[in-house]
Amino acid sequence: MSGSPGSLTALGRAAEEARRRGAELWPVLAWEPPGGDPTARRSPAATALVPEWERLARERFFGALHEVFGGVDTGLPGQALVARGAPGPVLVRIADRDDDLLVVGAGRRGRLHRALWPSVGRYCLARAACPVLAVPPSPLQAALAAVHRRNIWRLRLDTGDMRREFETVPPGA
C-alpha cells in the first residue's frame with residue numbers, strides 16, 4: 001500500500017474480502033530509500049537518513065489506514081506491517097501461503113509509464129504463491145486525473161460534461 005488512491009481502493013477491497021472470508025487482514029506498506037537500497041548503502045549521508053525515511057513511511061501508512069478505516073485499527077484480526085524493500089518482492093514474501101489472498105491495486109497506466117516504472121501488480125501476479133486480486137482504480141480516480149490534466153494545461157472545464165456525469169449518478173449516492 002503506497003497511500004495512492006489506487007492503493008486505498010485496494011485496501012478497502014482487501015478489508016471487504018477479509019470480512020467476507022472471516023480472514024485476517026495484514027495491510028503492508030513496503031518502502032525503499034530514494035534511489036533504492038544499493039544507493040543508500042553506498043552513501044554515509046543516506047545511511048544517516050534511513051530512520052527519517054522509515055518514520056515518513058510509517059506516517060504515510062498510518063495516514064492511509066486512517067483514510068480507509070477512520071483510524072489505525074482496521075476492526076479485523078491481523079497486523080499492519082511497514083517493511084523495507086521493493087514492494088513486489090516484499091508482498092510476495094509476506095503472502096507466501098496457499099490460502100493467503102494478496103490484494104494489490106491495478107492502476108491504469110500508459111505505455112510510457114509501464115516502460116519506465118515496473119508494476120507491483122504485474123510482479124505479484126507473476127510470482128505470488130497464492131491467489132492475487134488486482135483491484136482496478138475507482139472510476140472517480142480517472143475523472144479526477146482528467147480534471148487535474150485540464151488544470152495543468154489551463155484548459156476550461158466543460159460544465160456540460162460535469163452536468164451529464166451528475167445526471168448518471170443514482171439518487172442518494
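Computed from a prediction, not measured in an experiment: that's the story for all the values here.

Draft legend 1. Expanded view of the overall build of the chain. When helices and strands are tallied, the chain shows eight helices and four strands. Starting at the N terminus and walking to the C terminus, you meet the elements of the chain as α-β-α-α-β-α-β-α-α-β-α-α. Residue burial in the chain is summarised as follows: out of 173 residues, 30% are buried. By sequence separation, contacts in the chain at least 24 residues apart represent 74% of the contacts at least 6 residues apart. Working note: accessible area of the chain is about 11,700 Å², and carbon and sulfur atoms make up 57% of it.

Draft legend 2. Representation of a nonpolar patch on the surface in the model. A contiguous nonpolar patch, built from Ile152, Trp153 and Leu155 and spanning about 380 Å² of accessible area, is present on the exposed surface. Assignment of secondary structure puts Leu155 in the loop between α7 (139-152) and α8 (159-168).

Draft legend 3. Broad picture of the pattern of salt bridges. Under the counting rule described, the total for this entry stands at nine salt bridges. Put simply, Arg97 and Asp99 hold a salt bridge, and the shortest N to O gap is 3.5 Å.

Draft legend 4. Spatial organisation of the side chain of Asp100. Turning to its location among the elements, Asp100 is positioned in the loop between α4 (87-94) and β3 (102-105). For Asp100, a relative accessible area of 15% corresponds to the buried category. At 3.3 Å, the side chain of Asp100 forms a polar contact with the backbone nitrogen of Asp96. Polar contacts involving the side chain of Asp100 include one to the side chain of Arg97, which spans 3.0 Å. When sequence neighbours within four positions are dropped, the list of residues in contact with Asp100 reads Ile94, Ala95, Cys130 and Pro131.

Draft legend 5. Seen up close, the packing of aromatic side chains. As enumerated under the stated definition, the model contains one aromatic pair in all. On the basis of an interplanar angle of 40° and a centroid distance of 6.0 Å, the ring pair of Phe61 and Phe62 is categorised as tilted.

Draft legend 6. Geometry of the nonpolar core. Grouped together as the largest cluster of nonpolar side chains are 23 residues, with contacts concentrated most on Leu25 and Trp31. With sequence-adjacent residues up to four places away left out, Trp31 is seen in contact with Val50, Trp53, Glu54, Ala57, Arg60, Val82, Ala83, Arg84 and Gly85. Counting residues in each nonpolar core, the second largest holds 13 residues, with Val28, Leu81, Ala83 and Leu102 among its members.

Quick notes on the rules
- Residues numbered from 1 in each chain as written.
- Predicted model: local features only at pLDDT ≥ 70, side-chain atom pairs only at ≥ 80, totals over all residues.
- Heavy atoms only, no water.
- Helix = DSSP H or I, 4+ residues; strand = E, 2+ residues; numbered from the N terminus.
- Buried < 20%, exposed > 50% of the residue type's maximum accessible area, 1.4 Å probe, protein only.
- Contact = heavy atoms within 4.5 Å.
- Areas by Shrake-Rupley, 256 points an atom, 1.4 Å probe, with all protein chains shown as cover.
- Patch = residues over 30% accessible without salt bridge, like charges linked within 9 Å, V, L, I, M, F, W, Y side chains within 5 Å.
- Salt bridge = Lys/Arg side-chain N within 4 Å of Asp/Glu carboxyl O.
- Polar contact = N/O pair within 3.5 Å; in protein donor to acceptor, adjacent residues only side chain to side chain.
- Phe/Tyr/Trp six-rings, centres within 6.5 Å; stacked < 30°, edge-to-face > 60°.
- Core = buried A, V, L, I, M, F, W, Y, C linked by side-chain atoms within 4.5 Å.

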